[in-house]
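Next come the chains, spelled out residue by residue.
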Amino acid sequence: MDAPAARALPRPLVVGVDGSEPSLRAVDWAADEAVLRGVPLRVVYACLWERYEGAALARDIGRPSAVPLAQDVVGAAAQRARARQPALRVTADVVLEEPEYALVREGRNASALVVGTRGRGGLAEALLGSVSLAVAAHADCPVIVLRGGNDHQATPPVRGRVVVGVGDETKDSPVVRFAYEEARRRGVPLEAVRAWRCPARESTDHPLLAGEPARLHEEQAVEELDAALRDVPADIDVRRRTVEGPARRVLVDASHEAGLLVVGARRRGGRFGLQLGRVAHAALHHSACPVVVVPHPAGTTDDPAQWTDRRRAG
């Protein structure tokens, strides 16, 4: 294959696996999603522990090295994806590195990353593993974290509407763009949600908001929502909704009737600390459906918890 043809290949959808039930559920979901997107699927097993302790464990159980142990995990996951979607192109690889670093690097050449949550039911299922949280916070591509479903069965990608939390972006938002493209692929409505609140310090005695502070904040939310959706294609069924209340609660509530919840996260150059806003963090821990964290540069507000502090100029 010549160089131009190689460059034309679509970026794969990457799914991280570790042999657990949540990661196998992620493989099922990712296989369906890759078919929807028309891209290949890349299955990655990353574990630094295998490098240092895998050989000793292998000796204890009569295996020659750590690599076959890891290959068994990734091979079974790839076979599972092929069985679910026989026409899908699937590749698999073992990376002897800490999972969060390996997957973030994989995201540089991926259309998106898919990871599962930790736990096998009950309270544990409600918690998000540290690897999934780190990847969602630092990857350069969208990260899909599979929330919801305690029966260990894959939730098909085409199920329910796509919900997007709209922040302060007024034009060409990567978060909104990702959301409407996903709605189009699935053939489902896009529900765009803008949360608003009337700050407690404002009252009917405020000289600029005398009598109707709540109405003015709601009107501002409507205007900002319309501005953010101005470039959504006409073929997308868009449902606009402004809701009074904390954005974290509003979006988690909306997730109960959704197939996908899309939120944004700023990427601040040169920092490896937590780069998730409060809303994205809450969605990743409490959403009832899969969550997509879409990165975008600093300078736009991805955290809808900050929306409520905006004020009309003048």
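These remarks concern the structure in this document.

Reading the values: rules and limits
- Residues numbered from 1 in each chain as written.
- Predicted model: local features only at pLDDT ≥ 70, side-chain atom pairs only at ≥ 80, totals over all residues.
- Heavy atoms only, no water.
- 1 Å grid on protein atoms, 1.4 Å probe; cavity = no way out; pocket = protein on both sides within 12 Å on 5 of 7 lines; lining within 4 Å.
- Points joined across faces, edges and corners; volume = space filled by probe spheres on them.
- Helix = DSSP H or I, 4+ residues; strand = E, 2+ residues; numbered from the N terminus.
- Nonpolar A, V, L, I, M, F, W, Y, C, P; charged D, E, K, R; others polar.
- Core = buried A, V, L, I, M, F, W, Y, C linked by side-chain atoms within 4.5 Å.
- Buried < 20%, exposed > 50% of the residue type's maximum accessible area, 1.4 Å probe, protein only.
- Contact = heavy atoms within 4.5 Å.
- Salt bridge = Lys/Arg side-chain N within 4 Å of Asp/Glu carboxyl O.

1. Description of the layout of surface pockets
Quantified by volume, the largest pocket comes out at close to 360 Å³. Of all the elements in the fold, those that place two or more residues in the lining of the largest pocket are strand E1 (13–17), helix H2 (21–37), strand E2 (41–46), helix H5 (99–106), strand E4 (112–116) and helix H7 (130–138). The class makeup of the residues in the lining of the largest pocket is 10 nonpolar, 9 polar and 2 charged.

2. Some words on the nonpolar core
Ranked by internal contacts, the top residues of the largest apolar core, which has 47 residues, are Leu 41, Val 114 and Val 262. Val 262 has contacts with Val 162, Val 163, Val 164, Gly 165, Val 175, Phe 178, Ala 179, Val 292 and Val 294, leaving out every residue within four places of it along the chain. Counting residues in hydrophobic clusters, the runner-up holds 37 residues, among them Val 163, Val 243, Ala 265 and Ala 283.

3. Here we look at the pattern of salt bridges
Where side chains of opposite charge bring their charged atoms close, a pairing between them can arise. Throughout the structure, instances matching the rule amount to 18 salt bridges. Salt-bridge contacts for Arg 186 lead to Glu 182; the nearest nitrogen and oxygen are separated by 2.2 Å. Taken together, the residues Arg 186 and Glu 182, both in helix H8 (residues 174–186) and 4 residues apart, mark about one turn of the helix. In this structure Glu 182 comes out as buried when scored by relative accessible area, which is 0%.

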